[in-house]
Amino acid sequence: MGVSRLDVFYRRLLLTKLFIGGWGKPEDLKRIFEFRKIIGDREKCKSLVPKDYPVYINKTEELADCHVQEGFFISPLEHLVPGILPQEAIKARFQFIVPKRWQKNRPVCIHLAGTGDHFFWRRRTLMARPMIKEAGMASLLLENPYYILLRSSLKNVSDLFVMGGALILESTVLLRWLEREGYWPLGMTGISMGGYMASLAVTNWPKPIPLIPCLSWSTASSVFTTGVLSKAVNWTQLEKQYAINSRYEEEIIKLLEYCGVCVPAVSQEYRILLKLLSQLYDLIPNKNVSILRDINQFLHGHFFCLLRALSGYNTHGRKTDPAECCRPSLHKESISFMKGVMDECTHMANFSVPVDTSLIIVVQAKEDAYVPRTGVVSLQEIWPGCEVRYLKGGHISAYLFKQNIFRQAIYDAFDRFCVKYPDLH
């Protein structure tokens with residue numbers, strides 16, 4: 001199956017760069033990966049979030065067909081991995097859209113946000129309000145960490161993993177709170193990145209639960225290495241950091257557990273040379289061009305390209321592309337490292353299988369250029385018994401015009417749960 005032209009065209013319209021700060025601090029990645037080993041095992045997580053974890057409602061608004069409650073709580077990730085969250089993301093915020101009249105039971109679906117889905121308006125308008133009208137179903141919209149107050153700042157690759165860990169735990173808080181308040185049945189959904197995050201959260205929930213991930217798949221690694229979003233990744237910064245800082249290779253790679261990860265190593269000699277040339281360049285007074293030329297002759301021109309790449313200057317004193325000379329090998333190495341760290345934190349095979357996979361309905365676009373499925377383990381292999389529904393077209397067209405199909409999948413999954421577990425509440 002080909003890829004959607006609309007997906008490719010839409011991506012070209014967006015000028016933003018991803019991960020402009022680089023990989024993130026090695027010590028942060030190490031803490032995240034160690035914690036992933038805990039939240040990836042459902043049995044180890046049973047006591048991480050107390051059943052009476054405090055949740056607060058601080059505002060209520062009445063609309064024509066529903067009540068809108070706004071609330072907050074402290075993210076459990078702040079207690080479990082202190083200091084890993086930015087200060088503004090420690091307080092998790094949500095909006096709860098409750099119908100004035102229930103049709104049957106008191107069903108609630110938690111919606112996690114996709115990339116760039118700031119605040120609550122989009123999910124409330126496109127999903128929550130129609131779900132009240134069509135099925136009398138309430139929706140709880142959780143704000144993404146880093147998206148607080150309409151600001152997204154995923155500057156580092158590590159930020160995405162911190163977001164994932166926070167959302168897994170915060171979803172558990174909300175599910176437990178909804179149980180205490182007597183709502184039933186409960187389920188989770190999300191579109192694109194929200195679908196990934198909802199899937200990760202459900203792997204951690206100790207009971208059967210409907211899950212409806214839309215426009216997401218088994219891992220986010222293909223999104224950033226082969227999908228159209230890979231063109232927006234700031235590879236120049238990532239390559240430079242990976243080459244110069246040996247901790248990514250010497251410490252981080254050892255923590256990657258997903259089978260099949262193969263991250264090419266930067267040779268020790270090559271790394272030493274990079275550091276040596278970087279230090280040498282720093283010693284050149286006023287970046288004297290004549291001295292640069294002497295160094296060029298001394299190194300016979302072969303390694304000087306590395307000096308130019310690190311320094312940002314050519315032999316005529318003009319700025320040059322930092323990746324001009326050493327990009328070919330470093331680019332492959334950086335892509336492999338990206339695949340490794342993404343698989344470590346987002347691949348569903350690294351997490352427990354949901355309690356009942358028959359309650360999972362996946363909605364995917366056949367020509368999705370954002371979430372490539374080629375060469376990626378399918379969700380059916382990881383979660384035997386789940387259902388996959390394919391839509392014609394790509395990621396963008398499905399998001400813009402197929403929200404009704406997403407909602408129908410939610411209703412079907414909830415109905416399936418009620419038939420199978422009528423007394424589980």
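Presented here is an overview of the structure given in this document. (Residues numbered from 1 in each chain as written. Predicted model: local features only at pLDDT ≥ 70, side-chain atom pairs only at ≥ 80, totals over all residues. Heavy atoms only, no water.)

Some words on a nonpolar patch on the surface
Taken together, the side chains of Leu6, Phe9, Tyr10, Leu13 and Leu14 present a nonpolar region at the surface, about 460 Å² in accessible area. Within the secondary structure, phenylalanine 9 is located in helix H1 (residues 5-13). (Patch = residues over 30% accessible without salt bridge, like charges linked within 9 Å, V, L, I, M, F, W, Y side chains within 5 Å. Areas by Shrake-Rupley, 256 points an atom, 1.4 Å probe, with all protein chains shown as cover. Salt bridge = Lys/Arg side-chain N within 4 Å of Asp/Glu carboxyl O. Helix = DSSP H or I, 4+ residues; strand = E, 2+ residues; numbered from the N terminus.)

What about the pattern of salt bridges?
This structure, assessed with the given rule, holds 15 salt bridges. Lysine 46 is the salt-bridge partner of glutamate 43, the closest N and O atoms lying 3.1 Å from each other. For glutamate 43, a relative accessible area of 54% gives the class exposed. Judged by its relative accessible area of 49%, lysine 46 falls in the partly exposed class. (Buried < 20%, exposed > 50% of the residue type's maximum accessible area, 1.4 Å probe, protein only.)

Points about the pairing of strand E7 (residues 211-214)
Burial along E7 is two-sided: Leu211 and Pro213 and Ile212 and Cys214, pointing in opposite directions, are all buried. Pairing analysis gives four bridges linking strand E6 (residues 186-191) to E7, with the strands arranged parallel. For isoleucine 191, the partnering residue across the bridge sits in E7 and is cysteine 214. Since E6 and E7 lie parallel, the crossover through helix H6 (residues 193-203) that links them has a hand, and here it is right-handed. (Pairing = 2+ DSSP bridges. Right-handed = clockwise from strand over helix to strand, strands pointing away.)

Quick notes on the nonpolar core
The biggest cluster of nonpolar side chains holds 92 residues, and the ones touching the most others in it are Trp23, Phe33, Phe96, Phe161, Met188, Phe224 and Met338. With 14 residues, helix H5 (residues 157-180) is the single largest residue contributor to this core. In contact with tryptophan 23, other than residues within four places in its own chain, are Leu29, Asn156, Val157, Ser158, Leu238, Gln241, Tyr242, Tyr248, Ser334, Phe337, Met338 and Val341. Residues Ile191, Ile361, Leu391 and Tyr411 belong to the second largest nonpolar core, which totals 19 residues. (Core = buried A, V, L, I, M, F, W, Y, C linked by side-chain atoms within 4.5 Å. Contact = heavy atoms within 4.5 Å.)

Describing the packing of aromatic side chains
The tally for this structure, following the rule as stated, stands at 16 aromatic pairs. When the centroid spacing of 5.4 Å and the interplanar angle of 55 degrees are considered together, the rings of phenylalanine 19 and phenylalanine 224 count as tilted. Residue phenylalanine 19 is located in the loop between H1 and helix H2 (26-39), and its partner phenylalanine 224 is located in helix H7 (residues 221-225); the two are separated by 205 residues in the primary sequence. Each member of the pair phenylalanine 19 and phenylalanine 224 is classed as buried. (Phe/Tyr/Trp six-rings, centres within 6.5 Å; stacked < 30°, edge-to-face > 60°.)

Examining the layout of surface pockets
Here the largest pocket defines a volume of roughly 1,200 Å³. Gly114, Thr115, Gly116, Asp117 and Tyr147 are the residues nearest the centre of the largest pocket, which is lined by 46 residues in total. Elements represented by at least two residues in the lining of the largest pocket include exactly H1, strand E4 (108-112), helix H4 (121-135), E6, H6, H7 and helix H15 (395-401). (1 Å grid on protein atoms, 1.4 Å probe; cavity = no way out; pocket = protein on both sides within 12 Å on 5 of 7 lines; lining within 4 Å. Points joined across faces, edges and corners; volume = space filled by probe spheres on them.)

Topic: H2
Its 14 residues give H2 an end-to-end C-alpha distance of 20 Å, which sits within 8% of 20 Å, the value for a rise of 1.5 Å per residue. Every buried residue of H2 is listed here: Pro26, Leu29, Ile32, Phe33, Phe35, Arg36 and Ile39. (Expected span 1.5 Å × (residues − 1).)

Some details on the packing of H5 against H6
For the pair H5 and H6, the least separation of the axes is 9 Å and the interaxial angle reads 55 degrees. The orientation of H5 relative to H6 falls into the category oblique. For H5 against H6, the interelement crossing comes out right-handed. Of H6, the residues touching H5 (which contributes Leu160, Met163, Gly164, Leu167, Ile168 and Ser171) are Met193, Met197, Leu200 and Ala201. Residue classes in the contact of H5 with H6 are distributed as eight nonpolar, two polar and no charged. (Axes fitted to C-alpha atoms, helices over the stretch in contact; angles between N-to-C directions. Parallel < 35°, antiparallel > 145°, perpendicular 65-115°, else oblique. Left-handed = near helix turned anticlockwise from the far one by under 90°. Nonpolar A, V, L, I, M, F, W, Y, C, P; charged D, E, K, R; others polar.)

A closer look at empty space enclosed by the protein
Counted according to the given criterion, the structure contains three cavities of 30 Å³ or more. Taken as a whole, the largest cavity holds about 160 Å³ of empty space. Around the largest cavity sit 19 residues that line it, and Ile32, Ile39, Phe161, Gly164 and Gly165 are the ones nearest its centre. Of all the secondary structure elements, the ones that give two or more residues to the lining of the largest cavity are H2, H5, H6 and helix H13 (327-346). With six residues, the top contributor of residues to the lining of the largest cavity is H5. Looking at the lining of the largest cavity residue by residue, the classes come out as 14 nonpolar, three polar and two charged.

Any functional reading would require information that these geometric values do not contain.
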